[in-house]
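Each chain is listed here by its residues.
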Amino acid sequence: MGILMKLFGGVSFVGISSLTYVGFDIQRYRVYSNQSFGDAAKHYLSVRSLTILGSVMRRKLEQATKEVEAAQTKFLMDQIKDNIKTEYSKDMKLDQVKSVQDFISTHRLTYPHDYTRYIGRMMSGEENVLTSKEPAVFAVTSGTSGNSNIIPMVSKQTKLFFLEGISVLYNCMIEAFPGTKFLNRDLKIFYNPRWRYSVKGTQIGPNSASPDRSKDLLHIYTTPPEAYEVKSEPEALYLYLLFALIDPHVGMVEANFASIIYNAMTTLESSLPQLTEDIELGRISPNLSIDPAVRERLNARLRPNPQRANEIRKAAQEKEAGLALRIWPELRILLGADTGTFELYGDKLRNGICKGIPLYSPIYAASEGLLGINIWPTQLPSRYLLHPRTQFFEFIPESKMDAEEPKTFLLHEVEAGQTYEMVITNPTCLYRYRFGDVVKVVGFYNQCPIVEFKYRKGQFLNVRGEKTSEALFYNVLKDEIPKILDKAKLIDYCCTESILLEDVPRPKSLKSSQPCYHVFLELDSDGKGSNVQQVSKQQKKMLDDALMDHSYPYSSFRQKGSIAPVQVHLVKRGSFDQLRSFMVQQTSATSNQYKVPRVLRKQEALKFMVEQIVS
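Residues numbered from 1 in each chain as written. Predicted model: local features only at pLDDT ≥ 70, side-chain atom pairs only at ≥ 80, totals over all residues. Heavy atoms only, no water.

**Student:** Explain the environment of Thr378 here, please?
**Tutor:** Mapped onto the elements of the fold, Thr378 is located in the loop between strand S10 (369-373) and strand S11 (384-386). C-alpha of Thr378 to C-alpha of Ile353: the two residues are 25 residues apart in sequence and 19 Å apart in space. In contact with Thr378, not counting residues within four places along its chain, are Ala176 and Phe177. (Helix = DSSP H or I, 4+ residues; strand = E, 2+ residues; numbered from the N terminus. Contact = heavy atoms within 4.5 Å.)

The following block contains the structure:
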């Protein structure tokens, strides 16, 4: 009743009828005692607006999947028309393009370096160079699995991402998990980047969600705004977890990737004694290194809460999986990408601390924009409906990916069961752009392809032309390690080619007479945090044999003796957590963007991993 009293207090008789309905409807969405009316009302409006918008946009997507060729043609021709007066369009003679086939025959396939000169001029303040509209941000790609690139992002791209992506995924989510539409606050794990600025003052940094760019939504998160001011990730994450633990009604945990959620949950487990003490005493730990002014503002939000601290301690006393659900009984869903090698973290969450909580991988996206939507939240493995209204898609068969100008297939021309490199033309004016994602078409929804993400094109092991993909290597490790190493669990891994280690100081034991693969493994021997300390020669041979069984090209080179057996190196516990911190410091990536580079190519990363090897 308290929320209704706040709602009606001071309202004139004329407005009472409409407010009565709103108040009743808000109550249907469950208001909690720890929510202010203002926050509850804003949260309610967000939920109701997204519910209506998502339903509308879902119908538009449905129609587009029935008319894929027409939807794609419209997207492409509108894109060219909107930017026809730019210098790039003039250089590429796009004014002569009257059809899709004109476009394909006129414009060659492109790579990031083809746009460097144009984007440099835009960052220097020139207008109408690549895009007719001024960029809202110069998006910096992560660079953790390759080179970092800068891509201008126009406001149209943000609009498409929200309308065609966020609203539709919300519609799919509440249909599959009705409890997610209530007014529970979310634990959102994201961080503010360190922005740079162009000559005109346009932000330069990641275009993924950040607190700075989500100010209108901060009321739905458990983290107070002051905590998002903390730039150091370990301290920021501690604060996110602290304020989430205080709220027993958390309904969702959300991050870009399942790996970020997994890292947060392992941090929660290891820091739980200190976190519960802070909750009990109603203060921020004095050991936490944060700005004194921020500390003072955060402490003002806290009150001693021994009851909640004891609830958390009791939940932690049970040693079984599912701690998150015992701490937050109303936790309905985890949101984060679990495709490709992120599946490793998704499986750990589902079978460990977050057991019993669905993990939904909702969107397939990149710095280049929205690519697909997962409209099947409960199905595994996660798969995506390519969105015909957000990109113009072309596809290169996997067997032709090395060609400079291979024939491409359009969205309505691909075949189920085949694997392709994707090529896109996007709202940012990247035309026929080879951005490196490789997908497998696993079916169709109406006329529109459904895909599973397989790997990044550059993430190959290739010492003799055999091209062992990151996906194949991961599947071998996932399936074989528990068999070979007596049910040991794979915590994390990366690999590299022997030639890339030539300039890295390393022990003589890492040298081989022939080119070979090196794999760095962090393994759990008993599920309780004990590290595997040794791998025998026989076990290494079994892993190499399994790799040969799964890859004919690798097996052929191995049998000829031109590739030496895979070298297996165990690394210290926590090495991949440290690698993440190290790589974020070394590159332009933020923690929101970070992906473990499965095939290490950067010398600084290789040197770091060699130093982690257990002697």
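On we go.
**Student:** Explanation requested: unusual backbone geometry in the structure shown.
**Tutor:** Negative phi values dominate among residues other than glycine, just as trans dominates among peptide bonds. Look at the link from Leu380 to Pro381: it is a cis peptide, with omega at -5 degrees. Examined against the element boundaries, Pro381 turns out to sit in the loop between S10 and S11. The backbone phi angle of Arg432 is positive, close to 45 degrees, even though this residue is not glycine.

**Student:** Is there a simple way to think about the side chain of Thr223 in this case?
**Tutor:** Summarising the element assignment, Thr223 is placed in the loop between strand S5 (203-205) and helix H9 (233-246). Taking the relative accessible area as the measure of exposure, Thr223 reaches 1% and is therefore buried. Dropping the residues within four chain positions of it, Thr223 is found in contact with Leu218, Tyr228 and Tyr240. (Buried < 20%, exposed > 50% of the residue type's maximum accessible area, 1.4 Å probe, protein only.)

**Student:** What is the right way to read the pattern of salt bridges from this model?
**Tutor:** It is possible for side chains bearing opposite charge to pair when their charged atoms get close. For the structure on display, the rule yields 35 salt bridges. Two residues, Lys541 and Asp545, come together in a salt bridge whose shortest N-O distance is 2.8 Å. With a gap of 4 residues between them, Lys541 and Asp545 both fall in helix H16 (residues 537-550), about one helical turn apart. Owing to a relative accessible area of 46%, Lys541 belongs among the partly exposed residues under this scheme. Asp545 gets classed as partly exposed once you look at its relative accessible area, which sits at 26%. One salt-bridge network, held together by shared partners, links Glu87, Arg121 and Glu126. (Salt bridge = Lys/Arg side-chain N within 4 Å of Asp/Glu carboxyl O.)

**Student:** Hey, could you run me through the packing of aromatic side chains in this one?
**Tutor:** Note on aromatic pairs: each is described by the distance of the centres and the angle between the planes. One pass over the full model with this rule turns up 24 aromatic pairs. Relative to Tyr240, the ring of Tyr191 has its centre 5.4 Å away and its plane inclined at 25 degrees; by these criteria the two rings are stacked. Pair noted here: Tyr191 is in the loop between strand S3 (186-188) and strand S4 (196-197) and Tyr240 is in helix H9, with a separation of 49 residues, a long-range link. Across the pair, exposure class does not vary: Tyr191 and Tyr240 are buried alike. Aromatic pair Tyr364 and Tyr384: ring centres 5.5 Å apart, planes at 40 degrees, arrangement tilted. Taken together, the positions of Tyr364 in strand S9 (residues 363-366) and Tyr384 in strand S11 put the pair 20 residues apart, joining distant regions of the chain. There is no split in this pair, since Tyr364 and Tyr384 are both buried. Cluster of aromatic residues (ring-pair linked, three or more members): Tyr88, Phe103, Tyr115, Tyr118, Phe392, Tyr431 and Tyr433. Here Arg117 stacks its cationic end above the ring of Tyr118, 4.5 Å away from the centre of that ring. (Phe/Tyr/Trp six-rings, centres within 6.5 Å; stacked < 30°, edge-to-face > 60°. Lys NZ or Arg CZ within 6 Å of the ring centre and 35° of its normal.)

**Student:** It is not clear to me how the environment of Trp195 should be interpreted in this structure. Could you clarify?
**Tutor:** Structurally, Trp195 can be placed in the loop between S3 and S4. Accessibility expressed as a relative area gives 14% for Trp195, which makes it buried. In this structure the C-alpha to C-alpha distance between Trp195 and Pro206, which are 11 residues apart in sequence, comes to 8.6 Å. Apart from residues no more than four positions distant in its own chain, Trp195 is found in contact with Val137, Gln203, Ile204, Gly205, Pro206, Ser210, Asp212 and Arg213. Side chain to side chain, Trp195 and Asp212 meet in a polar contact 3.1 Å long. (Polar contact = N/O pair within 3.5 Å; in protein donor to acceptor, adjacent residues only side chain to side chain.)

**Student:** Even after reading the chapter, I still don't get the pairing of strand S19 (residues 489-497), so can you show me in this structure?
**Tutor:** The side chains of a regular strand alternate between both faces of the sheet. Taken across its 9 residues, S19 has 8 buried, putting it largely inside the fold. Two elements, S19 and strand S20 (residues 517-524), share 8 bridges in a ladder whose sense is antiparallel. Each bridged residue has a counterpart across the sheet, and for Tyr493 the counterpart in S20 is Leu521. (Pairing = 2+ DSSP bridges.)

**Student:** What am I meant to see in the side chain of Thr468 here?
**Tutor:** Looking at where Thr468 falls in the secondary structure, it is placed in strand S18 (residues 468-469). Given a relative accessible area of 1%, Thr468 falls into the buried group. Among residues more than four places away in sequence, those in contact with Thr468 are Gln459, Phe460, Leu461, Phe473, Tyr517, Leu547, Ser551 and Tyr554.

**Student:** What exactly am I supposed to notice about the sheet that holds strand S8 (residues 359-360) here?
**Tutor:** Strand pairing in a sheet relies on backbone hydrogen bonds, with the paired strands running either antiparallel or parallel. Sheet architecture is open: 4 strands sit in the order S3-S6-S7-S8, paired in parallel fashion. Each of the sheet's edge strands pairs with one partner strand only, and the pair in question is S3 and S8. As defined by bridge partners, strand S7 (residues 333-337) adjoins S8 across 2 bridges and the pair is classed as parallel. Across the sheet, residue Leu334 finds its bridge partner in S8, namely Leu359.

**Student:** Help me understand helix H7 (residues 116-123) in this model?
**Tutor:** Along an α-helix, residues three or four apart share an orientation, since each turn contains 3.6 residues. Inspection of H7 places Tyr118, Ile119, Arg121, Met122 and Met123 among the buried residues, and these make up the whole buried set. The elements touched by buried residues of H7 are helix H5 (87-91), strand S1 (137-140), strand S2 (150-153) and S5. Note on H7: the residue one or two positions beyond its end, Gly125, has a positive phi of about 110 degrees.

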